[in-house]
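Examination of the molecular architecture
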Amino acid sequence: MPDHYDAIIVGGRLAGASTAMLLARAGLRVLVAERARYGSDTLSTHALMRAGVIQLSRWGLLNEIDAAGTPAVRTTTIRYGDTEAIIDIKPMPHCPALYAPKRRLLDRVLADAAVRAGADVRFRTRVNHLLRDADGAVIGAEIDDRDGGQRDVFAPITIGADGSRSLVASTVGAPVYAEGAHATAFIVGYWSGVEAEGYQWLYADGGAAGVIPTNDGQLCVWTGIPHTEFPDVRALPDHGFRAGLARVAPDWLARLDAGAQHGPLRAFPGMPGYLRQPAGPGWALVGDAGYFKDPITAHGMTDALRDAELLAGAVVDGLGGAADLPTAMARYRDTRDRLSREVFELGDRVSAYDWDMNDLRELLVAMSEGMRGEVAHLGALEPLADQTRALLDA
């Protein structure tokens, strides 16, 4: 194991593996330290929006998601109380349909792609703390080596892709400069033997639910309630899942009862969204470490893929000489925020659960419109040039 890399990435799931793959494809020497085991699962509702599918296709990975039996989603049904709107997902370049891959599949596909590109990806590897120079700039990290000891590794950029409780963010004191006022608590489970046509987003006064076709012939089904209500139901065996679904869509509760549940229900108590300062001297943040919006938007996975590409482009420019690193990181921040702010704020308003059905329609239409900008931006990006390594060695 070398001591010096061009980039160290703390966290190797969706955002970390994507960033590593893109940097390695550009010729950088990349270390990824992920404390979980290879192929492990994580709580998710799995749904990708158009921008996320476009990126997987541009990166040459969508075929692996499709080959694994991930259902192609060609309609979205939105139920507003007693009325429904069915929206066709029209094919477009790099997005023949939508997909909702399980995380143990998607994270593995991205990690494998990073390894193929040349990244040093290490699972069950913990980062103990960051290393800093006399001026406080991050210069690397101490990690647990595979022989059980500790090792110092160094890089001009250390990237936190380690979730909302990010070690990198907390160590550098990355400030939060935008924060939501509301949050949704989610209870999530899996069923088979139940048919569903496309994504189903279900809303009623005071609650929401989703039905999402995913791998293994299963549906991911979630119910959402204001996080302030979760303490009243968290001790129940189902964390209030049945009551929540009965309030929003009792017909779906009856359909699930006719199917087979797989595994236990899992709960997320909810937390307000935020935008953190995503970069500073020797460090950067990506994924939930830097930006988290309420999962009611079903946009978190797409955000992680998007920001991985934005950050990778900034790192390549900053290390390769197209710009100095602080300037490149400022561009990353500005682009991330420009593409995020509107949907972030709309998602926070939806998670207040103080809307009627007319208000909700307007919020969801505005959210859909707000996502178009990132689709256009990502679709126009050029692949990172495989020339950075030569520039660094020159």
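Below is a summary of the structure that appears in this document. (Residues numbered from 1 in each chain as written. Predicted model: local features only at pLDDT ≥ 70, side-chain atom pairs only at ≥ 80, totals over all residues. Heavy atoms only, no water.)

**Quick look at the packing of aromatic side chains**
Condition: A pair of aromatic rings is counted whenever rings of Phe, Tyr or Trp (Trp by its six-membered ring) have centres within 6.5 Å, and the orientation is called stacked for planes under 30 degrees apart, edge-to-face for over 60 and tilted otherwise. Secondary structure follows DSSP: runs of H or I at least 4 residues long count as helices, runs of E at least 2 residues long count as strands, and numbering of each begins at the N terminus. A simple rule labels every residue: compare its accessible area, found with a 1.4 Å probe on the protein chains alone, to the largest value its type can have, and call it buried under 20%, exposed over 50%, or partly exposed in between. A positively charged side chain is recorded as over a ring if its NZ (Lys) or CZ (Arg) lies within 6 Å of the ring centre. The angle to the ring normal must also be within 35 degrees.
Summed over all chains, the structure comprises 10 aromatic pairs. Considering the side-chain rings of Phe268 and Phe292, the 6.4 Å spacing of their centres and the 70° angle between planes classify their relative orientation as edge-to-face. With Phe268 in strand S15 (residues 260–268) and Phe292 in strand S19 (residues 291–292), this pair connects stretches of sequence that are 24 residues apart. By relative accessible area, Phe268 is classed as partly exposed at 21%. If you follow Lys102 out to its NZ or CZ, it ends over the ring of Tyr190, 4.9 Å from the centre.

**Examining the pattern of salt bridges**
For the record, the criterion: Salt bridge, as applied in this entry: a Lys or Arg side-chain nitrogen positioned within 4 Å of an Asp or Glu carboxyl oxygen.
Counted by the stated rule, this structure contains 20 salt bridges. Glu84 is paired through a salt bridge with Arg79; the nearest N and O atoms lie 3.2 Å apart. Linked through salt bridges whose partners overlap, the residues forming this network are Lys293, Asp303, Arg306, Asp307 and Glu374.

**What about the layout of surface pockets?**
For the record, the criterion: The pocket and cavity definitions rest on a 1 Å grid over protein atoms only: a 1.4 Å probe that fits but cannot leave marks a cavity, an open set with protein on both sides within 12 Å along at least five of seven lines marks a pocket, and residues lining either have an atom within 4 Å of a point. Grid points are joined across faces, edges and corners, and a volume is the space filled by probe spheres set on the points.
Put simply, the largest pocket is a space of about 1400 Å³. Lining the largest pocket are 49 residues, and of these Arg13, Thr42, Gly163, Ser164 and Asp288 lie nearest its centre. Among the elements that take part in the lining of the largest pocket, helix H9 (residues 300–320) stands out by supplying 4 residues, more than any other. In this structure, the second largest pocket encloses a volume near 750 Å³. What lines the second largest pocket is a set of 27 residues, and nearest its centre among them are Met49, Thr76, Ile87, Ser368 and Met371.

**Digging into a negative patch on the surface**
To keep it simple, the criterion reads: Within the patch definition used here, like charges are joined within 9 Å and nonpolar side chains (Val, Leu, Ile, Met, Phe, Trp, Tyr) within 5 Å, considering only residues with over 30% relative accessible area and no salt bridge. To measure how exposed things are, a 1.4 Å probe is used in the Shrake-Rupley method; for residues, cover is taken only from the protein chains shown. In this tally Asp and Glu are treated as negative and Lys and Arg as positive; neither His nor the chain ends contributes. All charge positions are set by atom: Lys at NZ, Arg at CZ, Asp at CG, Glu at CD.
A cluster of acidic residues, Asp205, Asp354, Asp356, Asp359 and Glu362, forms a negative patch on the protein surface. Topologically, Asp354 is positioned in the loop between helix H10 (325–350) and helix H11 (357–379). The class of Asp354 is exposed, set by a relative accessible area of 62%.

**Description of the sheet that holds S19**
Our working definition: Any two strands with at least two DSSP-identified bridges between them are counted as paired. Any pair of residues with heavy atoms lying within 4.5 Å of one another is described as a contacting pair. Think of each axis as a best-fit line through the C-alpha atoms, taken over the contacting stretch in the case of a helix, with angles from 0 to 180 degrees between the N-to-C directions.
Taken together, 3 strands build an open sheet; the order of strands is S10-S16-S19 and the sheet is antiparallel. The two strands at the open ends of the sheet, each matched to only one other strand, are strand S10 (176–179) and S19. Pairing of S10 with strand S16 (residues 274–276), which is carried by 3 bridges, proceeds in the antiparallel orientation. When the bridges of S16 are listed, Ala178 appears paired with Leu275. Packed onto the sheet, H10 meets S10, S16 and S19 and runs at close to 20° relative to S10.

**What about the side chain of Gln218?**
Note the following rule: Two N or O atoms form a polar contact when they lie within 3.5 Å of each other; inside protein one atom must be a possible hydrogen donor and the other a possible acceptor, and for residues adjacent in sequence the pair counts only when both atoms belong to side chains.
Relative to the elements of secondary structure, Gln218 occurs in strand S14 (residues 218–226). Note on Gln218: relative accessible area 10%, which makes it buried. A distance of 2.7 Å separates polar atoms of two side chains, one belonging to Gln218 and the other to Lys102. When sequence neighbours within four positions are dropped, the list of residues in contact with Gln218 reads Lys102, Tyr190, Trp191, Ser192, Ile212, Pro213 and His262.

**Some points on the environment of Asp307**
Mapping Asp307 onto the fold places it in helix H9. Sequence separation of Asp307 and Ile143 is 164 residues, and the distance between their C-alpha atoms is 25 Å. Contacts of Asp307, omitting those with residues within four sequence positions, involve Val286, Tyr291, Tyr332 and Arg336. Polar side-chain contacts of Asp307 include one of 2.8 Å to the side chain of Arg306.

**Overview of the nonpolar core**
Applicable threshold: Nonpolar cores are built from buried Ala, Val, Leu, Ile, Met, Phe, Trp, Tyr and Cys residues. Side-chain atoms within 4.5 Å join them into one set.
Counting 90 residues, the largest nonpolar core has Leu23, Leu56, Trp201 and Met329 as the members making the most contacts within it. Per element, the largest residue contribution to this core is 11 residues, and it comes from H9. Sequence-distant contacts of Met329, defined by excluding residues within four places in its chain, comprise Ile157, Ala279, Ala284, Leu311, Ala314 and Val315.

**Things to note about the environment of Pro272**
On the secondary structure map, Pro272 appears in the loop between S15 and S16. In contact with Pro272, other than residues within four places in its own chain, are Glu179, Gly180, His182, Ala183 and Phe292.

**Side note on the sheet that holds strand S8 (residues 150–154)**
An order of S6-S7-S8 is seen for the 3 strands of this open sheet, with the pairing classed as antiparallel. Among the strands making up the open sheet, the edge pair consists of strand S6 (127–132) and S8. If you compare each strand with its neighbour and ignore which way they point, the axes differ by 25° on average. Summarising the sheet, S6 and strand S7 (residues 138–144) pair through 5 bridges and their orientation is antiparallel. Following the sheet pairing, His129 is matched in S7 by Glu142.

**Points about the state of the cysteines**
Short version of the rule: We call a pair of cysteine sulfur atoms a disulfide when they lie within 2.5 Å.
Inspection of every chain in the model, using the stated rule, returns 0 disulfides. With no disulfide of its own, Cys95 lies 20 Å from the sulfur of Cys220, the closest cysteine sulfur.

**Some thoughts on the pairing of strand S3 (residues 75–80)**
Burial analysis of S3 places 6 of its 6 residues in the buried class, the great majority of the element. Along S3, one buried face is formed by Thr75, Thr77 and Arg79 and the opposite face, lined by Thr76, Ile78 and Tyr80, is buried too. In this antiparallel pair of consecutive strands, S3 and strand S4 (residues 83–88), the connection spans 2 residues, and Gly81 shows a positive phi of 65°. Pairing of S3 with strand S12 (residues 199–204), which is carried by 5 bridges, proceeds in the parallel orientation. Its bridge partner being in S12, Ile78 is matched across the sheet by Trp201.

Bear in mind that shape data such as this cannot, by itself, settle questions of function.
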